[in-house]
Amino acid sequence: MDQFLPIALVSLLLGTAIALIFFKNYFLKRKSEIGSISKPELHSDLHKKPPKPTHQSKKPLSKPHSHVSSDKDHNKKHHPLDLNTLKGHGDSVTGLCFSYDGRSLATACADGVVRVFKLDDASSKSFKFLRINVPAGGHPVAVAFSDDASSVVVASQTLSGSSLYMWGEEKVKAADDSKQQPKLPLPDIKWEHHKIHENRAVLTLVGTASTYGSGDGSTIVASCSEGTDIKIWHGKTGKVLGNVDTNQLKNTMATISPNGRFIAAAAFTADVKVWEIVYSKDGSVKEVPKAMQLKGHKSAVTWLCFTSDSEQIITASKDGSIRIWNINVRYHLDEDPKTLKVFMIPLHDSNGATLHYDRLSLSPDGRILAATHGSMLQWLCVETGKVLDTADNAHNGDITWIGWAPKTIPAGDGQTFVLATASVDKKVKLWAAPPLESA
């Protein structure tokens, strides 16, 4: 047994030595592995500094915010005649109308709200506006001012048909300023009519002062349905003053002459029908007989407008032409209206075919005709028919309505005639009149 003791001892020492060598090699290897892992980490940390790139990539993300607004400002001023954009609409803007003094602009929006903007300066950075909510279930499609800027007539569309409302300020509530504080007192509904054209929609709503003949100067409003009927309303009382029927399958639009004498309508055919509003001695409407018919276009008339003196009508047709008509004729003696000028529409598609204008509006001085096609806006010289200027993408969608302010409006340091355009892009834009020198 004694002879085996040294052998066991040697074996134990050898085993311990081998174990020590093994563990030493293991830990050295592990250390080098840890070293080789931690070095790349350090390297990648130096390389990575992605916190900075990620922070930097966040800065560009916030820059688009400032870029978005600067882009907006850029878009806002993308055309030299582009004066301003009226903000705050939540949906497609379907109609607009200036007040008689040009200092208020009412807009009808598919978000169910009519807004009345105060235009003290067309180039202002912001505009105060009065908000009028249309009764639930309807959305405003057209708007016209009544006797002053504090009363508006609104056509609202519902599933069952069209309604007409007149909102006016309650003069008695003016003393209640303590409750209203910074806001203007909200106007009340003064009158309303429902299913005014049965279940049909209103296409256009136009108002003007009845100053012709024995008219008493009060506002009359014409609502044109998508059917064949047109109704004339008294702006202040809501009374129906007359009805006319185009008998032309379906209407496109209708308007009243600035002096309240004539109603003219574009419909399914190439002819334009004109009626005269005859007033009684007390200023009320006596009758609305057919006066004349404008014949000459070879295809449907898409839009028309009167000159400010109510003696001429300008029409645009799908036949690719614009015509200026003299309606100051003795139609009672069967004298026909005369074509004064014919211009070809200066718009063509990629195949060279002439396009038509969707809408027209004539400047108050009668010298500039604004016209639209889709999202494009053009200004033409009435005298020569030449294009004064073009905004190819005036809006980011189709233009739904255009109209000139009846008087010049302050814009920065000067005064200018201002055109307003509404669009499906939820915007209303204000444009300065182009110079006539190029014509």
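Data block above holds the structure.
Figured I'd write up the structure that's included with this text. Since this is a predicted model, take the numbers as computed values, not measurements.

### Some details on the overall build of the protein chain
- Each helix and strand in the protein chain was counted, giving 3 helices and 33 strands.
- Among the 439 residues that make up the protein chain, the fraction classed as buried is 46%.
- Restricting to contacts in the protein chain with at least 6 residues of sequence separation, those with at least 24 account for 49%.
- Entry remark: accessible area of the protein chain is about 23000 Å², with carbon and sulfur atoms responsible for 55%.

### Some thoughts on the sheet that holds strand E29 (residues 399-404)
- Spatially, the 4 strands line up as an open sheet ordered E1-E33-E32-E29, and their pairing is antiparallel. Each edge of the open sheet carries a strand with a single partner, namely strand E1 (82-86) and E29. Taken over all neighbouring pairs, the strand axes of this sheet differ in orientation by 20 degrees on average, direction set aside.
- Pairing geometry for E29 and strand E32 (residues 418-423), over 5 bridges, is antiparallel. The residue bridging Ile 402 from the neighbouring strand is Thr 421, located in E32.

### What about the sheet that holds strand E22 (residues 312-317)?
- Read across the sheet, 4 strands follow the order E21-E22-E23-E24 without closing on themselves; strand pairing throughout is antiparallel. Looking at which strands have only one partner, the edges of the open sheet turn out to be strand E21 (301-306) and strand E24 (338-344). On average, each strand axis in the sheet is inclined to that of its neighbour by 20 degrees, with strand direction left out of account.
- Here 6 bridges tie strand E23 (residues 321-326) to E24, and the two strands are oriented antiparallel to one another. What sits directly across from Arg 323, in E24, is Val 342.

### Focus on empty space enclosed by the protein
- Inspection of the entire model under this criterion finds 2 cavities of 30 Å³ or more.
- Empty space within the largest cavity amounts to approximately 40 Å³.
- Considering the residues around the largest cavity, the lining is formed by Thr 94, Gly 95, Leu 96, Val 141, Ala 142, Val 143, Leu 203, Leu 205 and Trp 401.
- Of all the secondary structure elements, the ones that give two or more residues to the lining of the largest cavity are strand E2 (93-98), strand E6 (139-145) and strand E11 (202-209).
- Quantified by volume, the second largest cavity comes out at close to 30 Å³.
- Partitioning the lining of the second largest cavity into residue classes produces 7 nonpolar, 1 polar and no charged.

### Remarks on the pattern of salt bridges
- Applying the stated criterion to the full structure yields 8 salt bridges.
- The shortest N-O distance in the salt bridge between Lys 338 and Glu 335 comes to 3.2 Å.
- With a relative accessible area of 41%, Lys 338 lands in the partly exposed category.
- Glu 335 gets classed as partly exposed once you look at its relative accessible area, which sits at 23%.
- Between Glu 383 and Lys 341 there is a salt bridge; the shortest N-O distance is 3.4 Å. Here the residue Glu 383 occupies a position in the loop between strand E27 (376-381) and strand E28 (387-391), and Lys 341 occupies one in strand E24, the gap between them amounting to 42 residues.
- Classification of Lys 341 by relative accessible area gives partly exposed; the value is 26%.
- Via salt bridges that share partners, Glu 198, Arg 200 and Asp 229 belong to a single interconnected network.

### Description of the packing of aromatic side chains
- Within this structure, the stated rule accounts for 5 aromatic pairs.
- Their ring planes at 80 degrees and their centres at 5.6 Å tell us that Trp 303 and Trp 401 sit as a pair that is edge-to-face. With Trp 303 in strand E21 and Trp 401 in strand E29, the pair connects residues that are 98 residues apart, well separated along the chain. No difference in accessibility class separates Trp 303 from Trp 401, as the two residues are buried.

### Some details on the environment of Gly 88
- You can see Gly 88 is positioned in the loop between E1 and E2.
- Gly 88 gets classed as partly exposed once you look at its relative accessible area, which sits at 47%.
- In sequence terms Gly 88 and Phe 129 are 41 residues apart; their C-alpha atoms lie 9.5 Å from each other.

What counts, and at which threshold
Residues numbered from 1 in each chain as written. Predicted model: local features only at pLDDT ≥ 70, side-chain atom pairs only at ≥ 80, totals over all residues. Heavy atoms only, no water. Helix = DSSP H or I, 4+ residues; strand = E, 2+ residues; numbered from the N terminus. Buried < 20%, exposed > 50% of the residue type's maximum accessible area, 1.4 Å probe, protein only. Contact = heavy atoms within 4.5 Å. Areas by Shrake-Rupley, 256 points an atom, 1.4 Å probe, with all protein chains shown as cover. Pairing = 2+ DSSP bridges. Axes fitted to C-alpha atoms, helices over the stretch in contact; angles between N-to-C directions. 1 Å grid on protein atoms, 1.4 Å probe; cavity = no way out; pocket = protein on both sides within 12 Å on 5 of 7 lines; lining within 4 Å. Points joined across faces, edges and corners; volume = space filled by probe spheres on them. Nonpolar A, V, L, I, M, F, W, Y, C, P; charged D, E, K, R; others polar. Salt bridge = Lys/Arg side-chain N within 4 Å of Asp/Glu carboxyl O. Phe/Tyr/Trp six-rings, centres within 6.5 Å; stacked < 30°, edge-to-face > 60°.

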